[in-house]
Amino acid sequence: MIIDFVDKEQIQNNLRFSISQILSLKKNIVCRPLSVDFYLSLHYIFYTMKMSFKPGTMIYPLPVVMVSCGDSPENYNIVTAAWTGTICSDPPMCYVSLRKERHSHEIISRTKEFVINVTTEELARATDWCGVRSGRDYNKFKEMHLTAEQAQIVKAPLIAESPLNIECKVVEVKELGSHDMFIANVVAVNGDTRFFDPSTGQFQLNQADLITYSHGKYYTLGDKIGGFGFSVDKRRNKSTKK
């Protein structure tokens, strides 16, 4: 294909293609000798063009957690959730959003308690399985060989194999549409001692091989690229200039 436009505006007005069409064009273009501006314009069209999506959930990656609930061993359950996170630092508060048809929705609505259990690469299969099977049909702790451990404050169990367990008490439920948001106070946090460094007093959760969720897939975390405030750390910037 031969492109014979002469200015940026004309290119932008005529090259309104889908991504697949653009990729196809890139393989077959034979450009006649034209101005530098032409080639810059063509590069702009091919490499910086945005495409539009209908409104949807596109904030990824997200933490993926196993939420445990129930107030007795007979009704203990686990549901996998990615719609979860921190909503306040002081007092510490978090949330989990669940569909009404979920078995755990029914349990948490009744008990007003749950535990957020952080997941790892080793727990990936259990994490996925607990998200696609219902507690109405299975004892998820038994099926996935997970250990229900007594929590400090809430009646809902901890998952012992998780490196970090966050005990929560529901203070409000917001009906949003497809999901209900359970807003909760954090009442206790339990961490695996394997990840506590006594020399620094830090809990090094980054060493637990955590996983995340993005567009229906699970991923491990990447390399550290900086710490909070590194962009304005004068000592770091000074050493970098040297």
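What counts, and at which threshold
Residues numbered from 1 in each chain as written. Predicted model: local features only at pLDDT ≥ 70, side-chain atom pairs only at ≥ 80, totals over all residues. Heavy atoms only, no water. Pairing = 2+ DSSP bridges. Helix = DSSP H or I, 4+ residues; strand = E, 2+ residues; numbered from the N terminus. Axes fitted to C-alpha atoms, helices over the stretch in contact; angles between N-to-C directions. Buried < 20%, exposed > 50% of the residue type's maximum accessible area, 1.4 Å probe, protein only. Contact = heavy atoms within 4.5 Å.

### A few points about the sheet that holds strand β16 (residues 217–220)
Then, number 1: Ordered by their spatial adjacency, three strands build an open sheet running β3-β15-β16, and the pairing between neighbours is antiparallel. The open sheet terminates on both sides in strands that have one partner only, identified here as β3 (62–63) and β16.

### A word on the sheet that holds strand β4 (residues 65–69)
Then, number 1: The seven strands lie next to each other as β5-β4-β8-β11-β12-β7-β6, forming an open sheet whose pairing is antiparallel. Each edge of the open sheet is held by one strand with a lone partner, namely β5 (77–81) and β6 (84–88). For this sheet, the mean angle separating the axes of adjacent strands, direction not counted, is 35°.
Then, number 2: Where β6 meets strand β7 (residues 93–99), four bridges bridge the pair, whose relative direction is antiparallel. Paired with T86 across the two strands is C94, which belongs to β7.

### Observations concerning the pairing of β7
Then, number 1: Of all seven residues making up β7, six are buried, and the element is well covered by its neighbours.
Then, number 2: As consecutive antiparallel partners, β6 and β7 are separated by four residues.
Then, number 3: Where β7 and strand β12 (residues 179–191) come together, seven bridges link them in antiparallel fashion. Directly across from Y95, in β12, lies its bridge partner I183.

### Let's talk about the environment of I108
Then, number 1: By the secondary structure assignment, I108 is in helix α4 (residues 103–111).
Then, number 2: The exposure class assigned to I108 is buried, which follows from its relative accessible area of 0%.
Then, number 3: As a C-alpha pair, I108 and F182 span 74 residues in sequence and 8.5 Å in three-dimensional space.
Then, number 4: Not counting residues up to four positions away in its chain, the partners in contact with I108 are V67, C69, L98, E113, F114, V170 and F182.

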